[in-house]
Amino acid sequence: MKRSRNSRSRPDGSRDILAVGVGDRVYEATKLAAIFDMLVSLGISADAILRDVNIPLQDVHSSQARISLMQLMTISQNAIRLSAERHLPYRIGASIHVSTYGMYGYAILCCPDFRKAMDFATRYHALAAPLAAIEFAEQNGHASWTIEPNSHIADGSALHRFITEMQIGIHISLMRDIMGAAFVPSRIELTYAQPEDFALPPDHVGCAVHFGRPANQIVFQSDWLDQAAGLGNKLTYPTIVALCDELLGDLKLRVGVAGKIRAILLRDIANPPTFEATAKLLGVNDRSLRRQLRQQGFSFRGLRDELRTQVALKYLRATDLANEDIALALGFSDAANFRRAFHRWTNKAPSEIRGK
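The numbering scheme is per chain: residues are counted from 1 as the chain's sequence reads. In view of the model being predicted, local features appear only for residues whose pLDDT reaches at least 70, and side-chain atom pairs are presented and counted only at 80 or more, with totals across whole chains, interfaces and linings using the full set of residues. The side-chain figures draw on all heavy atoms in the structure; neither hydrogens nor water molecules are used.

What am I meant to see in the overall build of the protein here?
Only DSSP runs of H or I with at least four residues qualify as helices, and only runs of E with at least two residues qualify as strands; both kinds are numbered from the N terminus onward. Within the protein, the secondary structure is distributed over 15 helices and eight strands. Taken against the 2.2 N^0.38 rule, which gives 21 Å for 356 residues, the C-alpha radius of gyration of the protein at 23 Å falls within 12% of a compact globule. Seen through its principal axes, the protein has C-alpha atoms that stretch 70 × 45 × 40 Å. Counting every position in the protein, which comprises 356 residues, the buried fraction comes to 46%. Whether two residues are in contact is decided by their heavy atoms: any pair within 4.5 Å suffices. Here the contacts in the protein between residues at least 6 apart in sequence split such that 70% fall between residues at least 24 apart. The globule rule used here is 2.2 Å times the number of residues to the 0.38 power, and the radius of gyration it is set against is calculated over C-alpha atoms. For each residue, the accessible area found with a 1.4 Å probe, counting protein chains only, is set against the maximum for its type, and the residue is called buried under 20%, exposed over 50%, and partly exposed in between.

Following this line, the structure appears as structure tokens:
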């Protein structure tokens, strides 16, 4: 049986699940905007929708805004409270398409075959603000997606059911985007008893829905995976995967202890605290901090250089600041030292980046 989980492969072949706290604001607002737009279309006020979500209205559709899983759970709870629309969670999920997901969605479209698309979707699921863990498996002529809502969501609760059915809507929508509008599952299985509040619309999902099963699953015939991927591109795919690796790397920089150190360093990148001072600010000893960083795959110097690289690239691309001024802003004694460091970080000279 082939399985694929929402995690990344290490060089040794093991899996490394990206740990993100529910309060870490690291995700694009794609899913939050989908919930917001659906509720607005039902005549619900923006103030009511965003109650306790702690996001300004102008950030709901901003590509620069970053939100947390907690904010997504809060707006989902607001949706449950504000609307009695029986198919609401599924409709929200079905409104999300491959194009909604930016580079992640484009990569799925570029996958040269559908099995690669399934594997890619699970490996890079962290880029899609995941309120649920997903797993893909294939056995005996059938394939399945298993969906398990975030562990912070009580099993069987209204929120648990809302997230499950929204994710089912997302999956079916994405499968139809890449495999064609004719795609239908063989069956859908849900762990909870048939509720009175939400429901999957049978005429849209196109299959039977079974309750009280061991796992939340979308099951379909493997034949769907054998079709030619009409939009797949073997040349473009590796490039897009590399870009998604960069996005995932940036996400890792923002979470866990690496994210905390990053925030400290960004307070004054020109005069960053030492490793020892940073450990004190975080209330841990040096050894513990070094171990936590190593578990995330980072070093203190590597984080500092990564941030300096990002800031330098921003200055070079978006401003007319002289190298001397950029060097000062990054804490270098002169432009020559900055140029040497920049070449070490990027293997390029600052002049090669200007205006690009």
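Here the narrative resumes, following the displayed structure.
I keep staring at the packing of aromatic side chains and nothing clicks. Help me out?
Two measures describe an aromatic ring pair: the distance that separates the ring centres and the angle between the ring planes. Two rings from Phe, Tyr or Trp (for Trp, the six-membered ring) form a pair when their centres sit within 6.5 Å of each other. Planes less than 30 degrees apart are called stacked, planes more than 60 degrees apart edge-to-face, and all others tilted. A complete count under the given rule lists 14 aromatic pairs for this structure. Measuring from centroid to centroid gives 5.2 Å for Phe183 and Trp224, while their planes differ by 70 degrees, and the two rings are edge-to-face. Taken as a pair, Phe183 in the loop between helix 7 (158-179) and strand 6 (187-189) and Trp224 in the loop between strand 8 (217-221) and helix 9 (236-254) lie far apart in primary sequence, 41 residues in all. The same class applies to Phe183 as to Trp224, namely buried.

I tried to follow the environment of Tyr101 on my own but got confused; where do I start?
Along the polypeptide, Tyr101 turns up in the loop between helix 4 (88-94) and helix 5 (102-110). Overall, the relative accessible area of 10% leaves Tyr101 in the buried class. For the pair Tyr101 and Trp224, spaced 123 residues apart in sequence, the C-alpha separation works out to 23 Å. In this view, Tyr101 contacts Thr30, Lys31, Ile96, Ala128, Ile170 and Leu174; residues no more than four positions away in its chain are not counted.

Explain the nonpolar core to me, please; I cannot follow it from the model alone.
In globular proteins that are soluble, nonpolar side chains generally tend to be buried together. Here, nonpolar core means buried Ala, Val, Leu, Ile, Met, Phe, Trp, Tyr and Cys residues that are tied together by side-chain atoms lying within 4.5 Å of each other. Formed by 82 residues in total, the largest nonpolar core has its most connected members in Met118, Phe120, Trp145, Ile168, Met179 and Phe220. With eleven residues, the top contributor of residues to this core is helix 7. Not counting chain neighbours up to four residues away, the residues in contact with Met118 comprise Phe136, Trp145, Met175, Ile178, Met179 and Leu225. Core analysis: the second largest hydrophobic core is formed by 25 residues, Ala258, Phe275, Leu289 and Leu293 among them.

Looking at this structure, I do not really get the confidence of the model for the protein. What am I missing?
Detailed reading of the predicted coordinates is not advisable wherever pLDDT is low. One confidence number per residue, pLDDT, is output by the predictor and ranges from 0 to 100. In this model, the protein carries a mean pLDDT of 87, and residues with pLDDT of at least 70 account for 93%. For the protein, strand 3 (residues 15-16) is the element with the lowest average pLDDT, namely 36, and helix 2 (residues 46-49) is the one with the highest, namely 98.

What's the story with the packing of helix 13 (residues 300-318) against helix 15 (residues 335-346) in this structure? I'm lost.
If you want to describe how two helices pack, look at the angle between their axes and the distance between the axes. Note on geometry: axes are C-alpha line fits, over the in-contact stretch for helices, and angles between N-to-C directions span 0 to 180 degrees. Running from N to C, helix 13 and helix 15 point in directions that differ by 105 degrees, and their axes come no closer than 10 Å. In terms of orientation, helix 13 lies roughly perpendicular with respect to helix 15. For the pair helix 13 and helix 15, contact is made by Arg301, Asp305, Arg308, Thr309, Ala312, Leu313 and Leu316 and by Phe338, Phe342, Arg344, Trp345 and Thr346, respectively. Its residues assigned to classes, the contact of helix 13 with helix 15 shows six nonpolar, two polar and four charged. Should an angle fall under 35 degrees it is called roughly parallel, over 145 degrees roughly antiparallel, and 65 to 115 degrees roughly perpendicular, with every other angle called oblique. When residues are grouped by polarity, Ala, Val, Leu, Ile, Met, Phe, Trp, Tyr, Cys and Pro land in nonpolar, Asp, Glu, Lys and Arg in charged, and all others, Gly among them, in polar.

Just checking my understanding: could you explain the side chain of Ser68 for this structure?
When you line up the elements, Ser68 lands in the loop between helix 2 and helix 3 (69-82). Take Ser68: its relative accessible area is 3%, and that puts it in the buried class. Setting aside anything within four residues of it in sequence, one finds Ser68 in contact with Val22, Gly23, Asp24 and Arg25.

What is the right way to read the environment of Gln58 from this model?
Looking at the secondary structure, you find Gln58 in the loop between helix 2 and helix 3. Between the alpha carbons of Gln58 and Ser299 there is a distance of 36 Å; along the sequence they are 241 residues apart.

What's the story with the state of the cysteines in this structure? I'm lost.
Cysteine pairs can be linked by a disulfide, which is a covalent bond between their two sulfur atoms. Put simply, a disulfide is two cysteine sulfurs that come within 2.5 Å. Tallying each qualifying case throughout the model produces zero disulfides. Cysteine Cys111 shares no disulfide, and the gap to the nearest cysteine sulfur, in Cys110, comes to 7.7 Å. Since its relative accessible area comes to 1%, Cys111 is described here as buried.

Explanation requested: the pattern of salt bridges in the structure shown.
Side-chain pairs of opposite charge can arise whenever the charged atoms involved come near each other. Here, a salt bridge means any side-chain nitrogen of Lys or Arg that lies within 4 Å of a carboxyl oxygen of Asp or Glu. Enumeration over the complete set of coordinates arrives at ten salt bridges. Taking the shortest distance from any N to any O, the salt bridge between Glu138 and Arg115 comes out at 2.8 Å. Here Arg115 lies in helix 6 (residues 114-123) and Glu138 lies in strand 4 (residues 132-139), a separation of 23 residues in the sequence. Residue classification places Arg115 among the partly exposed positions, given a relative accessible area of 29%.

Just to check I follow, could you spell out a nonpolar patch on the surface for this structure?
Note on patches: the residues involved have over 30% relative accessible area and no salt bridge, like charges join within 9 Å, and the nonpolar side chains Val, Leu, Ile, Met, Phe, Trp and Tyr join within 5 Å. Calculation of accessible area relied on Shrake-Rupley with a 1.4 Å probe; when residues are assessed, cover is drawn exclusively from the protein chains displayed. Where nonpolar side chains cluster on the molecular surface, the patch consists of Met103, Tyr106, Leu243 and Leu247 and spans about 320 Å² of accessible area. Going through the elements one at a time, helix 5 and helix 9 are the ones with two or more residues in the nonpolar patch. In this structure, Tyr106 sits in helix 5.

Explanation requested: helix 1 (residues 30-41) in the structure shown.
Expected helix span is given by 1.5 Å per residue-to-residue step, counting one fewer step than there are residues. The first and last C-alpha atoms of helix 1 sit 17 Å apart over twelve residues, in line with the 16 Å expected at 1.5 Å per residue. Taken across its twelve residues, helix 1 has nine buried, putting it largely inside the fold. Here helix 1 has its buried residues at Thr30, Lys31, Leu32, Ala33, Ala34, Ile35, Phe36, Met38 and Leu39. Just downstream of helix 1, Gly43 is the residue with a positive phi angle, here 90 degrees.

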